[in-house]
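The chain contents come next:
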Amino acid sequence: MSTSGSATAKDGTQTDGDSKKQEKPWWTWTKRGLTLLLFVVVFGLLFNLIKNLEWQEVKDAITGYKTSTLLLGAAIALISYGLFSSFDLLARHYTQHKLPARQILPLAFVCYAFNLNLSAWVGSLAVRYRLYSRLGLEVGTITKIFTINVVTNWLGYIILAGVIFSARLLNLPDEWKVGATALQLIGFGLLLVAALYLLACRFAKRRTWKIRDHEVTLPTWQFALLQATMGAINWTLMALLIYILLPDDAFYPTVLGILLICSIAGIITHIPAGLGVLETIFLTMLQHEFNKSEILAALLGYRALYFLLPLSIACVAYLVMEKRAKAMRGNNEKQGTNERDAESY
């Protein structure tokens, strides 16, 4: 889908010549202002995150674990980030744009790390739009990529939470037992929502809707199943990392269930990285099983391996991508031109 008044290649990229001819001076300055604002917001949030962390506690927690446990945790985090970054490959299949995987995966990694640490507005939206647009994709295509990411992530969440809550696999403290039935009903409701989406992808006769200038198309049944599988596995990996950092007698379904609850609480509170939210809920729901120090050590280790380590890599990668984006866009457009010439021939 192309925006009116611009030339668009088959891969969804705008040709440089047309975009430069049509670009107004005021829009050029607006884009520069928005870029500056993005950098200010990103570095402001990074500073706030660094200032609010108790670095000595993080260090003490990390040094308290065996090297083998930390390496296993780092491997789980790496697999999880790789899987989440692959959501953008799913989106490439859905949108049919032609950016190569070697550009997509690092970009998605940066977006995910920024999303977790600095908020969805920065990672999932601002940075994703910034980087993809610099690689030549149109706003409509980027919006579809973002949508596929959101649906994939939360479809997996809904299915897992539905199973955990409806089957009463979450070991609640005694004073919370009264809420078990309500949680179970929520679980059934979540499973119903997931089933409706999957059934719609399988049986819906009308598959495309037009919202303003954008078309929304239901994916195939197979695509939806792949979304559900990838989304669910990613959430299980996140919980697995916390699980291996807790004492040996921890119950994995309970850890997964608490993490799912924390994720919703973090969204409601709008606190970047969920600072304080994760710790409060885990302490409240596990204090009848483990010492406070054991829980906090596991959560600090989780933050270090799943939040801070990837964020440090993402910051460097983001600066590199910003520097190389123009050159990569030129290569993409040249490759697209060569492909079109070959097809014409």
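Residues numbered from 1 in each chain as written. Predicted model: local features only at pLDDT ≥ 70, side-chain atom pairs only at ≥ 80, totals over all residues. Heavy atoms only, no water.

1. Re the overall build of the protein
Threshold: Counting from the N terminus, the helices are the DSSP runs of H or I reaching at least four residues and the strands are the DSSP runs of E reaching at least two. Note on classification: 1.4 Å probe, protein chains only; a residue is buried when its accessible area is under 20% of the maximum for its type, exposed when over 50%, partly exposed between these limits. Residue contacts follow a heavy-atom distance rule, with two residues in contact if any of their heavy atoms lie within 4.5 Å. Shrake-Rupley sampling with a 1.4 Å probe provides the accessible areas, and residues are treated as covered by the protein chains on show and by no other component.
Within the protein one finds 13 helices and two strands. Looking at the protein as a whole, 45% of its 345 residues qualify as buried. Taking the intrachain contacts of the protein between residues at least 6 apart in sequence as the baseline, contacts between residues at least 24 apart amount to 71%. Surface exposure of the protein reaches about 18,100 Å², of which carbon and sulfur atoms provide 65%.

2. Regarding the pattern of salt bridges
Heads up, the condition is: Salt bridge, as used here, is a side-chain nitrogen of Lys or Arg placed within 4 Å of a carboxyl oxygen of Asp or Glu.
Here the structure, examined in full by the defined rule, presents four salt bridges. Asp88 serves as the salt-bridge partner of Arg128, at 3.3 Å between the closest nitrogen and oxygen. You can see Arg128 sitting in helix H7 (residues 120–134) and its partner Asp88 sitting in helix H5 (residues 87–95), a full 40 residues away along the chain. Exposure class is identical for Arg128 and Asp88. Each is buried. Glu279 serves as the salt-bridge partner of Arg303, at 2.7 Å between the closest nitrogen and oxygen. Of this pair, Arg303 sits in helix H13 (residues 292–344) while Glu279 sits in helix H12 (residues 277–286), and the two are 24 residues apart along the sequence. Residues Arg303 and Glu279 agree in their burial class; the two are buried.

3. Observations regarding the packing of aromatic side chains
As a reminder of what qualifies: Aromatic pairs are defined between Phe, Tyr and Trp rings, using the six-membered ring for Trp, whenever the two ring centres lie within 6.5 Å; interplanar angles under 30 degrees are classed as stacked, those over 60 as edge-to-face, and all others as tilted. The rule for a charge over a ring is simple: NZ of Lys or CZ of Arg within 6 Å of the ring centre, and within 35 degrees of the ring normal.
Under the definition given, this model contains 15 aromatic pairs. Arranged with centres 5.6 Å apart and planes meeting at 85 degrees, the rings of Tyr243 and Tyr252 form a pair that is edge-to-face. Take Tyr243: its relative accessible area is 26%, and that puts it in the partly exposed class. For Tyr252, a relative accessible area of 21% corresponds to the partly exposed category. Through a chain of ring-to-ring contacts, the aromatic side chains of Tyr81, Phe84, Phe87, Phe109, Tyr112, Tyr302, Tyr306 and Phe307 assemble into a single cluster. Above the plane of the ring of Phe307 lies Arg303, whose end atom (NZ or CZ) is 5.3 Å from the centre.

4. Some details on helix H8 (residues 139–166)
Applicable threshold: Working rule for helices: expected span equals 1.5 Å times residues minus one.
Along its 28 residues, H8 runs 39 Å from first to last C-alpha, staying within 8% of the 40 Å computed at 1.5 Å per residue. Taken from the residues just after H8, Arg168 is the one with a positive phi, measuring 55 degrees.

5. Focus: the nonpolar core
Threshold: The criterion is simple. A nonpolar core is a set of buried Ala, Val, Leu, Ile, Met, Phe, Trp, Tyr and Cys residues joined through side-chain atoms within 4.5 Å.
In terms of nonpolar packing, the biggest core is built from 86 residues, with Phe282, Tyr302 and Tyr306 touching the most fellow members. No other element matches helix H10 (residues 221–245), which puts 12 residues into this core. Sequence-distant contacts of Phe282, that is, excluding residues within four places in its chain, are made with Ile242, Val255, Ile258, Leu259, Cys262, Gln287, Ile295 and Leu299.

6. Here's the deal with the environment of Tyr306
Short version of the rule: N or O atoms closer than or at 3.5 Å make up a polar contact, with two conditions inside protein: a donor-capable atom paired with an acceptor-capable one, and, for residues adjacent in sequence, both atoms drawn from side chains.
The topology assignment puts Tyr306 in helix H13. With relative accessibility at 0%, the residue Tyr306 sits in the buried group. The spatial distance from the C-alpha of Tyr306 to the C-alpha of Ile242 is 9.6 Å, given a sequence separation of 64 residues. Leave out the neighbours within four places in its chain, and Tyr306 touches Ala77, Ser80, Tyr81, Tyr112, Leu116, Asn234, Met238 and Leu241. A distance of 2.4 Å separates polar atoms of two side chains, one belonging to Tyr306 and the other to Ser80.

7. Overview of the packing of helix H4 (residues 67–85) against H5
Applied cut-off: Axis definition: a line fitted to C-alpha atoms, limited for helices to the stretch in contact. Angles are taken between N-to-C directions and run from 0 to 180 degrees. Comment on the angle field: the value is read as roughly parallel under 35 degrees, roughly antiparallel over 145, roughly perpendicular from 65 to 115, and oblique elsewhere. Here the nonpolar group is Ala, Val, Leu, Ile, Met, Phe, Trp, Tyr, Cys and Pro; Asp, Glu, Lys and Arg are the charged ones; every other residue, Gly included, is treated as polar.
At a closest axis distance of 4 Å, the pairing of H4 and H5 adopts a crossing angle of 15 degrees. Between H4 and H5, the angle falls in the class roughly parallel. Here H4 contributes Leu83, Phe84 and Ser85 to the contact with H5, which in turn contributes Phe87, Asp88 and Leu89. For the contact of H4 with H5, the per-class residue count stands at four nonpolar, one polar and one charged.

8. Considering the confidence of the model for the protein
What counts here: In predicted models, pLDDT denotes the confidence assigned by the predictor to each residue on a 0 to 100 scale.
When pLDDT is averaged along the protein, the result is 79, and 71% of the positions lie at 70 or above. Summarising per-element confidence for the protein, the mean pLDDT is lowest in helix H1 (residues 16–22) (44) and highest in H10 (96). With pLDDT under 50 throughout, residues 1–21 is counted as low confidence; its partners more than four residues away or in other chains account for 42 contacts.

9. Looking at the side chain of Thr254
Summarising the element assignment, Thr254 is placed in helix H11 (residues 252–269). Its relative accessible area of 2% is what places Thr254 among the buried residues.

10. A closer look at a negative patch on the surface
Put simply, the rule reads: For patches, a residue must show more than 30% relative accessible area and have no salt bridge; joins then use 9 Å for like charges and 5 Å for nonpolar side chains, namely Val, Leu, Ile, Met, Phe, Trp and Tyr. Charge counting follows a simple rule: Lys and Arg are positive, Asp and Glu are negative, and His as well as the terminal groups are ignored. Charged groups are reduced to one reference atom each: NZ for lysine, CZ for arginine, CG for aspartic acid, CD for glutamic acid.
Together, Asp248, Asp249, Glu289 and Glu294 make up a region of like negative charge exposed at the surface. Its location among the elements puts Glu294 in helix H13.

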